[in-house]
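Descriptive structure summary
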Amino acid sequence: MKNFQIIKALSSSSAVASSTKDSSVMFIAGGTNLVDLMKKNVVAPDKLIDINSLDLKKIEFLKGKTAIGALAKNSQVAEDSSIKEKHPLLALALAAGASQQIRHMATVGGNMLQRTRCSYFYNTDMPCNKRVPKSGCGAIGGVNRMHAVFGASDSCIAVHPSDMCVALAALDATVLVEGPKGKRQINFTDFHRLPGNSPEKDNTLENRELITHLEIPDHNFTKNVHYLKVRDRSSYAFALVSVAVALDLKNNTIQDVRLAMGGVAHKPWRLTETEEFLKGKTVSEETFRQAGNLSMKGARGYGDNDFKLILGTNAITEALTIAASK
Amino acid sequence: MASKKINQNKETSEDSNSRRDFIKKSGLFTALAFAPPTLVMASEKKWDEKIAEYLETVPLSIEVNGKKHVLNIEPRTTLLDLLREQLQLTGTKKGCDHGQCGACTVHVNGTRILSCLSLASMQQNAQVTTIEGLTKGKKLHPMQEAFIKHDGFQCGYCTPGQIMSGIACIKEGHANSREEIKEYMSGNICRCGAYHNIVDAITEVKEGGKEL
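Given the structure is predicted, the values throughout are model-derived calculations rather than measurements.

Reading the values: the criteria
- Residues numbered from 1 in each chain as written.
- Chains lettered and ligands numbered in written order.
- Predicted model: local features only at pLDDT ≥ 70, side-chain atom pairs only at ≥ 80, totals over all residues.
- Helix = DSSP H or I, 4+ residues; strand = E, 2+ residues; numbered from the N terminus.
- Contact = placed C-beta atoms within 7 Å.
- Pairing = 2+ DSSP bridges.
- Axes fitted to C-alpha atoms, helices over the stretch in contact; angles between N-to-C directions.
- Domains from an automatic or database assignment.
- Nonpolar A, V, L, I, M, F, W, Y, C, P; charged D, E, K, R; others polar.
- Buried ≥ 20, exposed ≤ 12 C-beta atoms within 10 Å, placed from the backbone.
- Parallel < 35°, antiparallel > 145°, perpendicular 65-115°, else oblique.
- Left-handed = near helix turned anticlockwise from the far one by under 90°.

Residue and element names in this part refer to chain A. Within the element layout of this structure, Ala15 appears in helix 1 (residues 12–18). Between the C-alpha atom of Ala15 and that of Leu259, which follows or precedes it by 244 residues, the distance is 36 Å. Contacts of Ala15, omitting those with residues within four sequence positions, involve Ala9, Phe27, Ile49, Ile51, Leu54 and Leu210.

Right, dumping it as C-alpha cells:
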C-alpha cells in the first residue's frame, strides 16, 4: 500500500472543506472496503479524511420517518429493536451481508459507497473501464458468473454488491448529503447509477459530497417481508441473486408491495412493473410464478451468468411465497 | 504491508519515491547549513533517511491487553501489522490480509473486528484485546479450555481468530442455537474443517454461563 496522510475531521462541514477536487483525497469511515482496495492498489489516495468523529451515528425515529446517521454501524442498525420492528426488511438485508466482524466496522454510508467485487476491477493486471476508463472490460467474454443481467453496457457488466441497498431501494429511502454547495437530498433509487459509457462513476454523488443521513419514510411493511439471498455458501458470500420483498396483505389480497433485486445490476434493481402487476391480486402460487417471469423480462445473460435468468424467476417466486406465509 | 520493500505498481511507487526524495533533499538542505564535517556525518548516519521516516509517521497512543503503548507509525500500518511487527504479539494471525478469513479477529473497545482491515492510525486511545490477553496468569480462558477439550482445531492457524470471535459471539447474545452460532461465526474460516467441534466448544462455554 502506498503511504498517505491521514487527518481527522471534527465536523461534516470541515470534512467537506478539507477535501479537494483531486480524487487523491478520500473520506474514510469503517474502511472495510477502502483499506482492501488500497492494499490491492485499486485506489491509491494521497490523503484520507477520517470522519469517524462526526456526530452521525444516531438512529432517530421522527414523525413520519426514520433517520439513520451515515456513521451508524451495519450491526448497530441490524440489531436495533425499533429498526427490527419498523423496518424488518432492512434488518434482514443487513444481517445477510458480510460477517459480524465486518458489520461491526462497516457504516451504512460506506455500505452504499462500496465498490463492485468484479474480479477484473480488483485485478490491476486486467483491463477494467471502471478502474481505468477506456481500458476495456475483462468480464465481457471473460469469467462473468457473478455479473449483471440488467442495465449493463458494452463498457461494464459489474454489479453493486450491497444487500442493505436492495432493501433501501425497496423502502423508498432518501439519501441526505452535504457538499461544497450545501445540503441536498437524493432518492435512493437515483443514488446508484447504471454504467453506460462512464462505469467509473458508481453513483450520483458530486465531487466532495459527503453522505450524512439516510431517511426511510414510515410504511406498513412490518410483517410480510423477506430478504432472500442466493449465494455459493449459506453465509458470508456475495449474492448471486437476492430479492427484497415487502407485502402489505389484507385478507390474502395484496394491498401494496415493494420488490427489488440485488446481484443483477450496477445498482439495486427495483421491480416497479412487477409491483403494479401484483397490486390488488390474491396471494397464489400461480400469481407469484407470473411475477417471477415478468420480473426477468428484458434480462440478458453474458455466458457464465445465463443461469441467473432462471434463478431470478425462481428466487422472486420463492421470496414472495415466504413473505406471504409469515 | 508496512514494509518499504513492498512490490508496488509503477505509478504509485514513483509517487511515493518523489515525495520521499523531496523530504530527503529538504533534510539535506538543512544539513548544509552545518559545517562540512557535519554533513559527512549526516550522510554516514543516514540522517536524511531518518528525517524522511519521521515526517511520514503519525503518533499513536493505544492500549493492548492492558498495556499502554505510545508510538510513531506510518498511517498505512494496519492494526494487524502493528500488533505482529511492532508489538511482537504474533498470536493474532495474518491469513488472507483482505477481510475474507477472520484469522486476524481481535476485540477493540469490547467489539470484535478484523485487524487486517483496520488502520492503526484510526485506533487512537483504543483498548485492544488479543489472544495473548485472555489468560489470567497461567490459567487459560474458558474458551481456550473448551477448544482444547472439543478439538476445535487441527492445524491451529485460524484458532486465535476463532476464539476471539467465539467469545464475542456469546457476549453479543448470538450463541442461542447451533444454527445461530454457525451464522455468527461465518466470518471465521477453518480450512481444516473443524467447524463442528468449534460449535461444540462455543455451545459448552455458553451453557457453562461463566462470565467471559
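Back to the text.
Our next topic: the sheet that holds strand 11 (residues 253–262) of chain A. Residues and elements named next belong to chain A. One open sheet accounts for 4 strands, arranged 9-10-11-12; its pairing is antiparallel. Edge positions in the open sheet fall to strand 9 (224–230) and strand 12 (269–270), since each of these has one partner strand only. Where strand 9 and strand 10 (residues 241–250) come together, 7 bridges link them in antiparallel fashion. Following the sheet pairing, Tyr227 is matched in strand 10 by Ala244. Across the sheet, helix 5 (residues 88–95) lies against strand 9 and strand 10, angled at about 15° from strand 9, the strand it touches most. In the packing of helix 13 (residues 307–324) onto the sheet, the strands contacted are strand 9, strand 10 and strand 11, and the crossing angle to strand 10 comes to about 35°.

Glancing now at the environment of Gly138(A). Residues and elements named next belong to chain A. When you line up the elements, Gly138 lands in the loop between helix 8 (119–122) and helix 9 (164–170). Once the C-alpha coordinates of Gly138 and Pro127 are considered, the two residues, 11 residues apart in sequence, prove to be 5.6 Å apart. In this view, Gly138 contacts Tyr120, Met126, Pro127 and Cys128; residues no more than four positions away in its chain are not counted.

A word on the domain arrangement of chain A. Often the size quoted for an interface is simply the accessible area lost on bringing the parts together. Assigned domains within chain A: domain 1 (5–52) and domain 2 (224–324). A straight line from the C-alpha centre of domain 1 of chain A to that of domain 2 of chain A covers 36 Å.

With 30 residues of chain B in contact, the opposing surface of chain A contributes 24 residues. For the side of chain B that touches chain A, the leading source of residues is strand 4 (residues 111–114) of chain B, giving 4 residues. Split by residue class, the side of chain B that touches chain A holds 9 nonpolar, 14 polar and 7 charged.

Turning our eyes to something else, we now look at helix 4 (residues 79–86) of chain B. Residues and elements named next belong to chain B. When you tally the buried positions in helix 4, you get 6 out of 8 residues, the bulk of the element. Looking at the packing, one finds that the buried side of helix 4 touches strand 1 (58–64) and strand 2 (67–73). Taken from the residues just after helix 4, Gln88 is the one with a positive phi, measuring 60°.

Another point: the pairing of strand 1 of chain B. All names here are of chain B. In the sheet, strand 1 pairs with strand 2 via 7 bridges, with the strands oriented antiparallel. The residue bridging Pro59 from the neighbouring strand is Asn72, located in strand 2. Sheet analysis places strand 1 next to strand 5 (residues 127–129), joined by 2 bridges and oriented parallel. Residue pairing across strands places Val64 opposite Val128, the latter belonging to strand 5.

Residue and element names in this part refer to chain B. In terms of domains, chain B is made up of domain 1 (10–55), domain 2 (58–133) and domain 3 (142–208). Relative placement of domain 2 and domain 3: their C-alpha centres are 21 Å apart. With 13 residues of domain 2 at the contact, the number on the domain 3 side is 11 residues.

In this section: the packing of helix 5 (residues 142–149) of chain B against helix 6 (residues 159–171) of chain B. Describing two packed helices takes the angle between their axes plus the distance from one axis to the other. All names here are of chain B. It is at 10 Å that the axes of helix 5 and helix 6 come closest, and there the two elements cross at 125°. Comparing the axis directions of helix 5 and helix 6 gives the class oblique. In this structure, helix 5 meets helix 6 at a crossing whose hand is right-handed. From helix 5, Met143, Gln144 and Phe147 reach across to helix 6, where they touch Thr159, Ile163, Gly166 and Ile167. Here the contact of helix 5 with helix 6 is built from residues that sort into 4 nonpolar, 3 polar and no charged.

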